[in-house]
Amino acid sequence: MLRIVIACGSGIATSETVVGSVKSFLEDHSVKGVEVEATDFKQLASVLPNYDIYVWLAKPTPEIHDICKKEGIPEVNGVDILTGSKGDKTYLELVNAMMKLRSNA
């Protein structure tokens, strides 16, 4: 099971909105075996190693970049999913990251 975490810089409501969008996308394309969750940015550093893909809505800090690099966690800019602008490009990045992780499993 692939695990995706979504976090923004303030609270969790915006992240939950994007979680819903990503879940809908996955369901619409019959993608199974993926768990999508939101987390508070303040907790992200401690929970990030438990996930396979990080979708960010606020620019990641150097600490978050370092964790992603160390753990091999792809970072996907999710702002376009939130705004609806160029969302297809972002979903393609997300799908490519999932395919790469699944092929390495």
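These lines cover the structure that appears in this document, whether it is placed above or below. (Residues numbered from 1 in each chain as written. Predicted model: local features only at pLDDT ≥ 70, side-chain atom pairs only at ≥ 80, totals over all residues. Heavy atoms only, no water.)

1. Here we look at helix α1 (residues 13-28)
Stage number 1. Helix length check: α1, at 16 residues, gives a terminal C-alpha distance of 23 Å against a target of 22 Å (1.5 Å per residue), a fit within 8%.
Stage number 2. Three or more residues of α1 are buried, namely Ser15, Val18, Val19, Val22, Phe25 and Leu26. Seen end-on, α1 carries its buried residues on one side only, within an arc spanning 130°. Away from the buried face of α1 by more than 90 degrees, exposed residues Ala13, Glu27 and Asp28 are located.
Stage number 3. The inward-facing, buried residues of α1 abut β1 (2-7), β2 (34-38), α4 (79-83) and α5 (87-104). (Helix = DSSP H or I, 4+ residues; strand = E, 2+ residues; numbered from the N terminus. Expected span 1.5 Å × (residues − 1). Buried < 20%, exposed > 50% of the residue type's maximum accessible area, 1.4 Å probe, protein only. Arc of directions from axis to C-beta. Contact = heavy atoms within 4.5 Å.)

2. Some remarks on unusual backbone geometry
Stage number 1. The backbone phi angle of Ser30 is positive, close to 55°, even though this residue is not glycine.
Stage number 2. A relative accessible area of 57% means that Ser30 is categorised as exposed.

3. Topic: the environment of Ser10
Stage number 1. Considering the arrangement of structural elements, one finds Ser10 in the loop between β1 and α1.
Stage number 2. For Ser10, a relative accessible area of 55% corresponds to the exposed category.
Stage number 3. Put simply, Ser10 and Leu57 are 47 residues apart on the chain and 9.6 Å apart in space, counted from C-alpha to C-alpha.

4. Some points on the sheet that holds β1
Stage number 1. Taken together, four strands build an open sheet; the order of strands is β2-β1-β3-β4 and the sheet is parallel. The open sheet terminates on both sides in strands that have one partner only, identified here as β2 and β4 (75-77). The average angle at which neighbouring strand axes cross in this sheet is 25°, direction not considered. (Pairing = 2+ DSSP bridges. Axes fitted to C-alpha atoms, helices over the stretch in contact; angles between N-to-C directions.)

5. Concerning the side chain of Ser15
Stage number 1. When you line up the elements, Ser15 lands in helix α1.
Stage number 2. Sequence-distant contacts of Ser15, that is, excluding residues within four places in its chain, are made with Ile6, Ala7, Cys8, Ala38, Thr39 and Leu57.

6. Observations concerning the side chain of Thr39
Stage number 1. Relative to the elements of secondary structure, Thr39 occurs in the loop between β2 and α2 (41-47).
Stage number 2. When residues no more than four places from it in sequence are discounted, the contact partners of Thr39 are Val5, Ile6, Ala7, Ile12, Ser15, Leu44 and Val47.

7. Examining the packing of aromatic side chains
Stage number 1. This structure, assessed with the given rule, holds one aromatic pair.
Stage number 2. Between Phe25 and Tyr91, the aromatic rings sit 4.1 Å apart at their centres with planes inclined by 5°, giving stacked as the arrangement. Taken as a pair, Phe25 in helix α1 and Tyr91 in helix α5 lie far apart in primary sequence, 66 residues in all.
Stage number 3. On the basis of relative accessibility, which here comes to 12%, the residue Tyr91 falls in the buried class.
Stage number 4. Over the face of the ring belonging to Tyr51 we find Arg3, whose NZ or CZ atom lies 4.4 Å from the ring centre. (Phe/Tyr/Trp six-rings, centres within 6.5 Å; stacked < 30°, edge-to-face > 60°. Lys NZ or Arg CZ within 6 Å of the ring centre and 35° of its normal.)

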